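Examining the three-dimensional arrangement
Here's the letter readout for the chains.
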Amino acid sequence: MTYAPDRPSYLRFVALLGFLVLATVGGALLHPVVALAPVLLVAVVWLVLKVPIRYPVMIVTYLVLAVDYVPERPQSGFWPSPLHPLGELLFAQLSYITKIGALRFPLVDVLIVGLLGLAMYRRVTKSKIDPPALPMPRPLIAVVALSLIAILFMEVRGVMRGGDFKNSLWQWHQAAMMPFIVAMFHYAMRGPEDWPIFARTVIAAGLTKAAISVYFGAIVVPSMGVFVEYTTCHSDSMTFNFCLLVATMRFLEKPKGAHALRGLLLMFCIFMGMVYNDRRLAYVSFVGCLAAGYLITPWPAFKRTFTRGLVLLAPLLLVYFAVGWNARGGAFAPVHKVRSLIDGEGGEGNLDYRDIENLDVIATWTQFPLLGTGYGHEFLEPIPLPNIAFVFPQYRYHPHNSLLGLFAFGGMVGYTGVWMYLVVTIFLAVRAYHRSHIAEHRAAGLIIVGSVICYINQVFGDMGIISYICTFVVSLCVVTSGKLAVATGAWPMPHTTLVPPAPAAPVPPPGAIIHTNPEDTQAPALAKHG
């Protein structure tokens, strides 16, 4: 019998290639978008039939974090980067692109729901393309679902109280997509072993944004002779800090030369992007991440001594801040930066726009402390704000401080329901950190905690709750936290097909000769002495 190798069908390949060429040329005669339809159709069919779900999820994650995030006017609205067309295609409403009024949602929603549907279809049909995924802790699943339920409750309450349904949809849209993004990442990530490739995806996106930031700030802005407040967008601080956390925490958990060299190079590139983007919140978030890591990591003798030294130096630090409070630069430049965070843009004794807005949102919450106003309502203005409707008509539906906005629109009940998942995520990540002996897993636990801190800062400081960038990064951290907790034993393994019950001993057929092992027989009970 001779061996015949399995040769691919070149004839079918040539036929498919010819069909695509003819269809593309014919479609181009109608419209450039139609020309892409045949290639996209073949790509989708190939994706459905052949590719593990984690790869398209990684591509979508990179695109969301790397392309121009058009809702936040990237590059201050002065310059579209080469990735701007992709950003407009991904984040603009499809009704704007297709001129079909009913499609009032962006393409990124279609990709999220489509990939989630494909993953669930493969799970139901027991497809072998995707290996089984490590399960998530049930309490984490419950609080993620609770977040969506709380948002829907706030929407129903707001509409029943006469709220504007059209404007309400964009108050909660990205936050309501979080459970679906979490589910998508759950099916895509087999377990902690997939964390490095997803972390590298975020790093690639961060380096892309840093390159755009540096190029725009160092080359385009001087040639245009304009003043810009930021070079990419506000939410990129979340991606930048994730990259910095990977560089620092990996070296902290496994200090070796390769990690130090790669970490320093990565930090240099990311810091350059952060400097040109000029968001103070990014630096505050990174300091908060380092402080959290300092408190979570073990306390050897050196760390205890260093901490005691800081306590002893605290009076000198107070004197340093007191003397340099009114200074502008030199040795007191850090003090000036801290003061700018406290005083705001209005300076000492004055209220800037953000201060007034925060007071108005707090006043709205005090009117409805338990259940809030519900979505679809504007926050009250007991202190009148400058009217910015000419650039942002819906500004009273979207306070910059999204955290206070949650209190105003959802009250204590809505706020607790929406954000409970963050508490559980940090709880599981810290438990997994202290129970893991693998450096990569321990670093992941610290990165997760730091990323949640960055997310809270973005929500508190700059509308982070309605940002797809922030939502994608925090969703990835939620899933990784759950899988780390199960893999390290920080949370019991749920009942799953991954851990089948122990096989029972086979029943011998009738008439079979059975030989018993004396070692397996039960030891006789000890005699009782009266």
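Structure: see above.
A few points on the structure. (Residues numbered from 1 in each chain as written. Predicted model: local features only at pLDDT ≥ 70, side-chain atom pairs only at ≥ 80, totals over all residues. Heavy atoms only, no water.)

**Things to note about a nonpolar patch on the surface**
Just so we agree on the cut-off: Put simply, a patch holds well-exposed residues, over 30% relative accessible area, that have no salt bridge, with like charges counted together within 9 Å and Val, Leu, Ile, Met, Phe, Trp or Tyr side chains within 5 Å. Computed by Shrake-Rupley with a 1.4 Å probe, the accessible areas treat only the displayed protein chains as cover when residues are assessed. The salt bridge definition used is simple: a Lys or Arg side-chain nitrogen within 4 Å of an Asp or Glu carboxyl oxygen. Helix and strand assignments come from DSSP, with helices taken as H or I runs of at least 4 residues and strands as E runs of at least 2, each series counted from the N terminus.
A cluster of nonpolar side chains, L86, L89, Y96 and I97, forms an exposed patch at the surface whose accessible area comes to about 360 Å². For the nonpolar patch, the secondary-structure elements that each account for two or more residues are α4 (84-91) and α5 (94-98). Its location among the elements puts I97 in helix α5.

**Some details on a positive patch on the surface**
Worth spelling out the cut-off: Only four residue types enter the tally: Lys and Arg on the positive side, Asp and Glu on the negative side; His and the chain ends are excluded. The location of each charge is read from NZ of Lys, CZ of Arg, CG of Asp or CD of Glu. Note on exposure labels: buried denotes an accessible area under 20% of the residue type's maximum, exposed denotes more than 50%, and partly exposed covers the range between, all computed with a 1.4 Å probe on protein chains only.
Together, R200, K254, K256 and R262 make up a region of like positive charge exposed at the surface. Position of K254 relative to the elements: it lies in the loop between α10 (236-253) and α11 (257-277). For K254, a relative accessible area of 42% puts it in the partly exposed group.

**Quick word on the nonpolar core**
Note the cut-off: The nonpolar core is taken to be a set of buried Ala, Val, Leu, Ile, Met, Phe, Trp, Tyr and Cys residues, with the residues joined through side-chain atoms within 4.5 Å. Working rule for contacts: check all heavy atoms of both residues, and any pair within 4.5 Å makes them a contact.
The biggest cluster of nonpolar side chains holds 107 residues, and the ones touching the most others in it are V64, F185, F242, W419, Y421, Y455 and F472. With 15 residues, helix α16 (residues 402-435) is the largest single contributor of residues to this core. When residues no more than four places from it in sequence are discounted, the contact partners of Y455 are M238, W419, Y421, L422, G464, I465, C470 and V474.

**Looking at unusual backbone geometry**
Phi at S76 takes a positive value of approximately 55°, unusual for a residue other than glycine. Counting through the fold element by element, S76 comes out in the loop between α3 (54-66) and α4. If you check the backbone angles, K126 has positive phi at about 55° while not being a glycine. If you trace the backbone, K126 turns up in the loop between α6 (107-124) and α7 (138-160). Given a relative accessible area of 67%, K126 falls into the exposed group.

**Here we look at the environment of M412**
Mapped onto the fold, M412 is located in helix α16. Distance from M412 to W365, taken between C-alpha atoms, is 9.2 Å for residues 47 residues apart in sequence. Excluding residues that lie within four positions of it along the chain, M412 makes contacts with W365, P369, L370 and F407.

**Regarding the environment of E253**
With respect to the helices, strands and loops of the structure, E253 is situated in helix α10. On the basis of relative accessible area, E253 is assigned to the buried category, the value being 16%. Among residues more than four places away in sequence, those in contact with E253 are T297, Y433, A439, R442, A443 and L446.

**As for the pattern of salt bridges**
For the structure on display, the rule yields 9 salt bridges. Of the charged contacts, one joins R354 and D462 as a salt bridge, the two residues approaching to 3.8 Å between their closest N and O atoms. You can see R354 sitting in helix α15 (residues 353-367) and its partner D462 sitting in the loop between α17 (439-461) and α18 (468-488), a full 108 residues away along the chain. Residues participating in the shared-partner salt-bridge network are R279, R354 and D462.

**A word on the packing of helix α9 (residues 195-224) against α11**
The description of two helices packed together rests on the angle between their axes and the distance between the axes. As a reminder of what qualifies: Orientation is described by axes fitted as lines to C-alpha atoms, over the contacting stretch for helices, and by angles from 0 to 180 degrees between their N-to-C directions. Here is the rule for angles: anything less than 35 degrees is roughly parallel, anything more than 145 is roughly antiparallel, 65 through 115 is roughly perpendicular, and the remaining ranges are oblique. Two helices that cross are described as forming a left-handed crossing if the nearer one is turned anticlockwise from the farther one by less than a right angle, and a right-handed crossing if clockwise. When residues are sorted by character, Ala, Val, Leu, Ile, Met, Phe, Trp, Tyr, Cys and Pro go into the nonpolar class, Asp, Glu, Lys and Arg into the charged class, and all the rest, Gly among them, into the polar class.
Between α9 and α11, the least distance of the axes is 8 Å, while the angle of their chain directions is 50°. If you check the angle between α9 and α11, you find them oblique. Seen along the crossing, α9 lies across α11 with a hand that is left-handed. In this structure, α9 uses I203, G206, L207, A210, S213, V214, G217 and A218 to contact α11, whose residues at the interface are L266, C269, I270, M272, G273, Y276 and N277. Looking at the contact of α9 with α11 residue by residue, the class counts come to 10 nonpolar, 5 polar and no charged.

**Thoughts on α10**
What counts is decided by this rule: For a helix, the expected span equals 1.5 Å multiplied by the number of residues minus one.
Over its 18 residues, α10 runs 26 Å from end to end, which matches the ideal 26 Å to within 8%, given 1.5 Å per residue. A large share of α10 lies buried, amounting to 15 of its 18 residues.

**Notes on the side chain of D130**
What counts, and what does not: Throughout this description, a polar contact denotes any pair of N or O atoms lying within 3.5 Å of each other; where both atoms belong to protein, one of them has to be capable of donating a hydrogen while the other can accept it, and for residues adjacent in sequence the pair is counted only when both atoms sit in side chains.
Within the secondary structure, D130 is located in the loop between α6 and α7. Residue classification places D130 among the buried positions, given a relative accessible area of 17%. A polar atom in the side chain of D130 sits 2.7 Å from the backbone nitrogen of I53. At a separation of 2.8 Å, a polar atom in the side chain of D130 contacts the side chain of R122.

**Examining α16**
Quick reminder of the rule: Bend is computed residue by residue as the angle between axes fitted to the seven residues ending at the residue and the seven residues starting at it.
Its 34 residues place the ends of α16 only 34 Å apart at the C-alpha level, less than the 50 Å of an ideal helix rising 1.5 Å per residue. Where α16 bends most, the angle comes to about 120°, and this point is G410.

**Focus: the side chain of T239**
When you line up the elements, T239 lands in helix α10. When sequence neighbours within four positions are dropped, the list of residues in contact with T239 reads L65, V202, A205, G206 and I469.

**Description of the packing of aromatic side chains**
Here the distance between the centres and the angle between the planes together describe a pair of aromatic rings. The cut-off we apply is this: When two rings of Phe, Tyr or Trp (its six-membered ring) have centres within 6.5 Å they constitute a pair, described as stacked for plane angles under 30 degrees, edge-to-face for angles over 60, and tilted for the intermediate range. Whether a charge sits over a ring comes down to the Lys NZ or Arg CZ being within 6 Å of the ring centre and within 35 degrees of the ring normal.
Within this structure, the stated rule accounts for 16 aromatic pairs. Centroid distance F185 to F472: 6.0 Å. Interplanar angle 85°. Geometry classified as edge-to-face. With F185 in helix α8 (residues 165-188) and F472 in helix α18, the pair connects residues that are 287 residues apart, well separated along the chain. Residue F185 shares its accessibility class with F472, and that shared class is buried. Between F271 and F286, the aromatic rings sit 6.1 Å apart at their centres with planes inclined by 80°, giving edge-to-face as the arrangement. With F271 in helix α11 and F286 in helix α12 (residues 280-296), this residue pair connects regions lying 15 residues apart in the sequence. Looking at F271, the relative accessible area reads 27%, which means it is partly exposed. Under the relative-accessibility criterion, F286 is labelled buried at 10%. Above the ring of W299, the side-chain terminus of K303 is found at 4.4 Å from the ring centroid.

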